[in-house]
Amino acid sequence: MSKAMDLCALSVFTLTLIIAVLLAVMAGPTSPLTWSMVGVLVLIPFIRRKMKDRRRVDWKDEYSVGIESIDQQHKNLINLINMLQTTVDYSTGEEFERECLAAVVDYTKTHFVYEEGLMSKYGYPDFEAHKAQHQKMIDKVDDLLAAYQQRPESAMKDTLDFLKQWLIRHINGTDKQYSDYLLSKGVH
Ligand SMILES: [Fe+2]
Ligand SMILES: [Fe+2]
């Protein structure tokens, strides 16, 4: 959620709280209207939590490429992206946000180097095409990082959306294509 949306939600919550207190005073604590407002107050944080949960990426067994070391790295990447999402959702501050973003980018590059090392070592036939996809992703992230310097809030949203969509699509598609080949070479 953007800071503007957060501020808006907080304003609505505060206004509802004030109205609920006023109603409780005016209509009395037994009024159905008062209890309706109390219900809304209880629901708002719950709905906000649900919305934040929906922005997380959860690991699913179907994402497995069958190679333990790579699955673990994919899980680590998902965790880092979720951590970055949390820094945005809870407005933890620009410094921590930047650190998390740098960690995601660094770990992504480390993971690509690891995968490319295995594909190269065992002569994976589609190595060059796979490597080109990695490079394209890094180029896109570099563009988003440049945009982040100009307009941090909207660029961060774009970056998170891109990271989540690209990662799942890549793991579930391109990465899975090397599974049988690398497993047949004894990689595990
Ligand atoms: Fe991967
Ligand atoms: Fe890959």
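Structure shown above.
Quick caveat: nothing in here was measured; it's all calculated off a predicted structure.

Enquirer: Got a sec to walk through the overall build of the protein chain? Specific residues and values, please.
Expert: When helices and strands are tallied, the protein chain shows seven helices and zero strands. The linear arrangement of helices and strands in the protein chain, starting from the amino end, is α-α-α-α-α-α-α. Computed over C-alpha atoms, the radius of gyration of the protein chain comes to 23 Å, more than 25% over the 16 Å expected from 2.2 N^0.38 for 188 residues, which places it beyond the range of a compact globule. Each principal axis of the C-alpha distribution contributes one length, and for the protein chain these read about 80 × 35 × 20 Å. Per-residue burial over the protein chain gives 38% buried out of 188 residues. Sequence separation of 24 or more characterises 72% of the internal contacts of the protein chain that already satisfy a separation of 6 or more. In the structure as shown, the protein chain presents an accessible area of about 11100 Å², 61% of it carried by carbon and sulfur atoms. Charged side chains of the protein chain number 22 positive and 25 negative; the gap between the two group centres comes to 5 Å.

Enquirer: Describe the environment of Lys121, naming the residues involved and giving the relevant values.
Expert: With respect to the helices and strands, Lys121 occurs in helix 4 (residues 94–121). The exposed category is assigned to Lys121, whose relative accessible area is 63%.

Enquirer: Describe the coordination of the iron ion (ligand 2), with residues and values.
Expert: Donor atoms from the polypeptide that bind the iron ion (ligand 2) are Glu115 (OE), His130 (NE2), His134 (NE2), His170 (NE2) and Asp175 (OD), placed at 2.1 to 2.3 Å. Sequence spacing of the donor residues for the iron ion (ligand 2), all on one chain, is E-x14-H-x3-H-x35-H-x4-D. The iron ion (ligand 1) is placed at 3.5 Å from the iron ion (ligand 2), the two being bridged by Glu115. Taken together, the residues span about one helical turn, with His130 and His134 both in helix 5 (residues 127–150) at a distance of four residues. There is no split in this pair, since His130 and His134 are both buried.

Enquirer: So, the nonpolar core: which residues are in play, and what are the values?
Expert: Core analysis: the biggest nonpolar cluster contains 28 residues, and Leu84, Met137, Met156 and Leu163 have the highest contact counts within it. Going through the elements one at a time, helix 3 (68–89), helix 4, helix 5 and helix 6 (152–177) are the ones with two or more residues in this core. Residue contributions to this core peak at nine residues, all from helix 6. Ignoring sequence-local partners within four residues, the contact set of Leu84 consists of Glu97, Cys100, Leu101, Val104, Met156, Leu160 and Leu163. Grouped together as the second largest cluster of nonpolar side chains are 10 residues, Val65, Ile67, Phe127 and Val187 included.

Enquirer: Kindly report on unusual backbone geometry, identifying the contributing residues and their values.
Expert: The phi torsion at Ser91 lies on the positive side, around 45 degrees, for a residue other than glycine. On the secondary structure map, Ser91 appears in the loop between helix 3 and helix 4. The exposure class of Ser91 is partly exposed, given its relative accessible area of 35%.

Enquirer: Give me the lowdown on a nonpolar patch on the surface, citing residues and values where you can.
Expert: Together, Leu43, Phe46, Ile47 and Met51 give the surface a local cluster of nonpolar side chains, amounting to about 370 Å² of exposed area. You can see Phe46 is positioned in helix 2 (residues 32–54).

Enquirer: Lay out the coordination of the iron ion (ligand 1) in plain terms, naming residues and giving numbers.
Expert: Around the iron ion (ligand 1), the protein contributes the donor atoms His74 (NE2), His111 (NE2), Glu115 (OE) and Asp175 (OD), which lie 2.1 to 2.2 Å from the metal centre. Around the iron ion (ligand 1) sit four donor atoms, and with donor-metal-donor angles ranging over 84 to 168 degrees the site reads as irregular. Within one chain, the residues donating to the iron ion (ligand 1) are spaced in sequence as H-x36-H-x3-E-x59-D.

About the thresholds
Note on numbering: residues in each chain are counted from 1, in written sequence order. For naming, the first written chain is A and the first written ligand is 1, with later ones following in the order written. Predicted model: local features are reported for residues with pLDDT of at least 70 only, side-chain atom pairs are reported and counted for 80 or more only, and whole-chain, interface and lining totals are derived from all residues. Note: side-chain values were computed over all heavy atoms of the structure, leaving out hydrogens and water. Per the convention used, a helix needs a DSSP run of H or I reaching at least four residues, while a strand needs a run of E reaching at least two, with both numbered from the N terminus. Radius of gyration means the value over C-alpha atoms here, while the globule rule gives 2.2 Å times the residue count to the 0.38 power. For every residue, the accessible area obtained with a 1.4 Å probe (protein chains only) is divided by the maximum for its type, and the residue is called buried under 20%, exposed over 50%, and partly exposed between those limits. Residue contacts are counted whenever heavy atoms from the two residues lie within 4.5 Å of one another. Calculation of accessible area relied on Shrake-Rupley with a 1.4 Å probe; when residues are assessed, cover is drawn exclusively from the protein chains displayed. Here Asp and Glu are counted as negative and Lys and Arg as positive; His is not counted, and neither are the chain ends. In this description, the location of a charge corresponds to atom NZ of lysine, CZ of arginine, CG of aspartate or CD of glutamate. Each metal site is built from N, O and S donor atoms within 2.8 Å (3.2 Å for Na, K and Ca), and since water is not included, such sites may look incomplete. Each nonpolar core is a collection of buried residues, namely Ala, Val, Leu, Ile, Met, Phe, Trp, Tyr and Cys, held together in the definition by side-chain atoms within 4.5 Å. Two distance rules govern patches: like charges are joined within 9 Å, and nonpolar side chains (Val, Leu, Ile, Met, Phe, Trp, Tyr) within 5 Å, applied only to residues with over 30% relative accessible area and no salt bridge. We define a salt bridge as a contact between a side-chain nitrogen of Lys or Arg and a carboxyl oxygen of Asp or Glu at a distance within 4 Å. In short, tetrahedral needs four donors with all angles between 85 and 135 degrees, square planar needs four and octahedral six donors with opposite donors over 155 degrees apart and all other angles between 65 and 115, and whatever is left is irregular.

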